[in-house]
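What follows is each chain in one-letter form.
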Amino acid sequence: MELDKMDENEWKYHGEGNKSLVVSHVQLPRVLRLLKYPAEDCENPPQTPEQAFRQIQNVVDFSSNVMSSLLGEKFIHSGEVVKLPLEFVRQLSIRAQHQRPAMRCDKVMDIYSGCALCLPNLTSPTLHQPTHSLPLCIEIKPKCGFLPSSKHVSKDIKTKVCRFCMHQHDKVARGKWKRRSLYCPLDLFSGNRQRMQFAIRQLIEEPQNNFKIFKGGQCIYSSKEGSDDSLDLNSLLHQLRPYFTYGNNRISHVTGKAVLNDFIQVLVNALLSGGGGGGHGGGVADRCGEGRSFCEASLFNKERIRHGSQDLNSNSVLSRILQTQMLDTLNIEGLHPLYRRVEQHLQDFPKERSRLQVDGPYNEAFLETLQKCPAEDDGSVEYAAAKVHQYRVAMTAKDCSIMVALVPSPEEEEEDDDEGLSSQRWLRDFHSTRPPAFSYSVSILDLDPKPFDSIPCQLRLDQRIVSCYLRTGGALPKASLQPLPDIYAAAERDDCTLLFHPV
Ligand SMILES: O=P(O)(O)O[C@@H]1[C@@H](OP(=O)(O)O)[C@H](OP(=O)(O)O)[C@H](O)[C@H](OP(=O)(O)O)[C@H]1OP(=O)(O)O
Ligand SMILES: Nc1ncnc2c1ncn2[C@@H]1O[C@H](COP(=O)(O)OP(=O)(O)OP(=O)(O)O)[C@@H](O)[C@H]1O
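Everything numeric in this text was worked out from a predicted model, so none of it was measured.

Pulling in residues and values, what's your account of the pattern of salt bridges?
Applying the stated rule across the entire model yields 25 salt bridges. Here Asp377 and Arg341 are joined by a salt bridge, their closest N and O atoms 2.7 Å apart. Here Asp377 is found in the loop between helix H12 (364-371) and helix H13 (381-399), whereas its partner Arg341 is found in helix H10 (residues 331-348), with 36 residues between them in sequence. For Asp377, a relative accessible area of 39% translates into the label partly exposed. Arg355 is paired through a salt bridge with Glu352; the nearest N and O atoms lie 2.6 Å apart. You can see Arg355 and its partner Glu352 sitting in helix H11 (residues 352-355), three residues apart, about one turn around the helix. The class for Arg355 is partly exposed, based on a relative accessible area of 45%. Among the ionic contacts, a cluster of salt bridges with common partners joins Lys19, Arg33, Asp446 and Asp448.

How would you summarise the site of ligand 1 if you had to cite specific residues and measurements?
Lining the immediate environment of ligand 1, one finds 15 residues, of which Asn18, Arg104, Lys171, Lys176 and Asp399 sit closest. One nitrogen or oxygen atom from the side chain of Lys19 is found 3.4 Å from an oxygen atom belonging to ligand 1. Note that an oxygen atom of ligand 1 is positioned 3.2 Å from one of the side-chain N or O atoms of Arg163. Calculation on ligand 1 without its partners gives an accessible area of 590 Å², and the protein chains cover 82% of this total. The set of elements that each furnish at least two residues to the shell around ligand 1 consists of helix H3 (163-173), H13 and helix H14 (455-471). Top element by residues in the shell around ligand 1 is H3. It accounts for three residues. Per-class residue counts for the shell around ligand 1 are two nonpolar, four polar and nine charged. Residues lining the shell around ligand 1 come from more than one domain, with at least three contributed by each of domain 1 (3-120) and domain 2 (136-274 + 292-324 + 400-494).

If you had to explain the domain arrangement of the protein chain to someone new, which residues and values would you point to?
In terms of domains, the protein chain is made up of domain 1 (3-120), domain 2 (136-274 + 292-324 + 400-494) and domain 3 (331-396). Inspection of the domain 1/domain 3 interface yields zero salt bridges. The tally of links between domain 1 and domain 3 comes to one residue pair in polar contact (both at pLDDT 80 or more). Of the residues that constitute the side of domain 1 that touches domain 3, the class distribution is four nonpolar, three polar and one charged.

Any chance you could break down H3 for me, citing the residues and the numbers?
Within H3, nine of the eleven residues are buried, leaving the element largely enclosed by the surrounding structure. Buried within H3 are the following residues: Phe164, Cys165, Met166, His167, Gln168, His169, Asp170, Lys171 and Val172. Where H3 is buried, its residues meet helix H4 (185-188) and H14. At the C-terminal side of H3, Gly175 shows a positive phi close to 80°.

Talk me through the packing of helix H1 (residues 49-71) against H13; I want residue IDs and the actual numbers.
The interhelical angle for the contact between H1 and H13, taken along N-to-C directions, is 80°, at an axis separation of 12 Å. Of the possible angle classes, the one that applies to H1 and H13 is roughly perpendicular. Here H1 contributes Phe62, Val66, Met67 and Leu70 to the contact with H13, which in turn contributes Val393, Thr396 and Ala397. A per-class count over the contact of H1 with H13 returns six nonpolar, one polar and no charged.

Hey, could you go over the nonpolar core for me, with residue numbers and the actual values?
Counting residues in hydrophobic clusters, the biggest one holds 76 residues, and the most contacted among them are Val66, Ile204, Phe211, Phe263 and Leu271. For this core, the element with the highest residue contribution is helix H7 (residues 256-272), accounting for ten residues. Apart from the residues within four sequence positions on either side, Val66 is in contact with Asp61, Tyr362, Asn363, Phe366, Leu367, Leu370 and Val393. Among the nonpolar cores identified, the runner-up in size contains 21 residues, and Ile332, Leu356, Ala385 and Leu459 belong to it.

Go over the site of ligand 2 with me, naming the residues and quoting the values.
Residues in contact with ligand 2 amount to 21 residues; listed here are only the nearest, Asn18, Lys19, Arg33, Glu139 and Asp446. The separation between an oxygen atom of ligand 2 and a polar main-chain atom of Gly17 is 3.5 Å. In isolation ligand 2 has 620 Å² of accessible area, and contact with the protein removes 94% of it. Broken down by class, the residue content of the shell around ligand 2 amounts to seven nonpolar, six polar and eight charged.

Scoring rules and cut-offs
- Within each chain, residues carry numbers counting from 1 in the order of the written sequence.
- Chains and ligands are labelled by the order in which they are written, letters from A for the one and numbers from 1 for the other.
- In keeping with the predicted nature of the model, local features appear solely for residues at pLDDT of at least 70, side-chain atom pairs appear and are counted solely at 80 or more, and the whole-chain, interface and lining totals rest on all residues.
- Only heavy atoms go into the side-chain values, all of them from the structure, while hydrogens and water stay out.
- Salt-bridge detection follows one rule: a side-chain nitrogen of Lys or Arg within 4 Å of a carboxyl oxygen of Asp or Glu.
- Strands are runs of DSSP state E lasting at least two residues, helices are runs of H or I lasting at least four, and both sets are numbered from the N terminus onward.
- Throughout this description, buried means an accessible area under 20% of the type-specific maximum (1.4 Å probe, protein chains only), exposed means over 50%, and partly exposed covers the range between.
- Only a single heavy atom is needed: when it lies within 4 Å of a molecule or strand, its residue is near that molecule or strand.
- Pairs of N or O atoms are called polar contacts if they sit within 3.5 Å, as long as, within protein, a hydrogen donor faces a hydrogen acceptor (for residues adjacent in sequence, only side-chain-to-side-chain pairs).
- We get accessible surface area from the Shrake-Rupley algorithm with a probe of 1.4 Å; when it comes to residues, only the shown protein chains can shield them.
- In this classification, the charged set is Asp, Glu, Lys and Arg, the nonpolar set is Ala, Val, Leu, Ile, Met, Phe, Trp, Tyr, Cys and Pro, and all remaining amino acids, among them Gly, are polar.
- Throughout the structure description, domain borders are defined by an automatic or database domain assignment.
- Contacts are residue-level and defined by heavy atoms, with any inter-residue pair within 4.5 Å sufficient.
- All axes are obtained by fitting lines to C-alpha atoms, using only the stretch in contact for helices, and the reported angles, taken between N-to-C directions, cover 0 to 180 degrees.
- To sort the angles, those under 35 degrees are grouped as roughly parallel, those over 145 as roughly antiparallel, those from 65 to 115 as roughly perpendicular, and the leftovers as oblique.
- For our purposes a nonpolar core is just a set of buried Ala, Val, Leu, Ile, Met, Phe, Trp, Tyr and Cys residues, chained together by side-chain atoms within 4.5 Å.

Listed below in structure tokens is the structure:
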């Protein structure tokens, strides 16, 4: 890729989140992740090109020096900052505009700085060995997988119902989503296969921004944000079926239910594997067993849990993410007074901002500060700053996404780690009881540092979510009480269109 000869016709809109827009190259396995600004700032960019460059470099540093050590470097692709011709970026923005979901158009793509983050395209992994099928990539934004056990938690409900499940009520009440998702992160992070399968079924039923499937780099299944479109499970089954049929002459005998079951099982295997673990846990104590057993809002049958509890492999992607999330030891309610201590100190001594690394640099010293934070509060600003650092790192882990890439393996291949497939680390799925085997690769994306100044918003959001949940008594708004379509029942009938009822 020659940066001075960029051609916008070789790039297409790929997706976006709240703060970045991603375009992918039509041939090379590369994406560019560009910053976004509030639409009202489109005439006056809120930062200079140098500041934008620094912001993206901070993302690279935070990912490679901090998150990589905590999560396992083999999961992480930090990328590099690139400088792009301004005319190329302007044309790109025009091309992307008509594909952007309306819900995201309150922000505009940064066309002023000419800076972007260049990353491998994780939905279109390079395969050095030819395969007959296109890679299937599943993106999951798992969110927070534990219940807080901090003594600072003032509302009992927070120790019983997880943040995601409570937040769903607020999101539906505010019209962000039309229907509540019945996915519960505690089920996904449980390590119990049945609970994990249940969680993934809920993600398929109501993906929101937590679940997407890509085939050969194209998104084939996701929630159409803010749209009334039905999710078409028939079409998904049609796409998945060739990957989960065993021998050419059996295709017609494989039910939709079996295809979905196998797909979910392979995905669970990849999530449970130690694949790509690497690293050393970054010195963060393994607290995975604590405070995360069961969310009272989960629809998973509690009786079944009693008979089948398992622990996550400590090198699995889920365990690494959970351990990092659990650096939030105080909960926002216990953290906020420490944030205020730092804030007060900075008002009195503004130059201390740099010594305390409030806005970075995100280097080894930053990592060491949060890893060596004493257990007890000694009243110092250093302690408070280290706890805020820990909380911000935990926030990133609560908001990141997992990308699982699956490629069917030829049966005759040896069941070994297969490093030959690409620069990503590929492993074989040993768990499936029947063919076809898959090679898979697991990555983590969206590892941006969360700003120091976002802490007060976190407290307000926490209060809003809890009060909405308590106000509604955890009850659903009337319109969302209609029975959920059961994807398995639908798949069995081979009538798999998930029809969403208008609110
Ligand atoms: O606060 P949450 O839990 O709602 O998370 C926000 C996400 O909302 P979600 O609930 O996942 O739909 C939100 O995602 P969406 O915009 O809703 O897709 C962002 O990821 C946001 O991060 P940032 O402020 O852009 O860095 C996330 O904000 P942070 O709290 O991580 O800063
Ligand atoms: N390296 C990558 N390869 C392939 N697709 C990617 C890559 N990075 C991001 N994407 C796609 O682009 C989407 C938006 O990217 P990302 O989640 O990083 O944006 P964001 O604005 O930081 O999100 P958030 O709303 O969480 O702040 C992702 O959901 C994913 O589908």
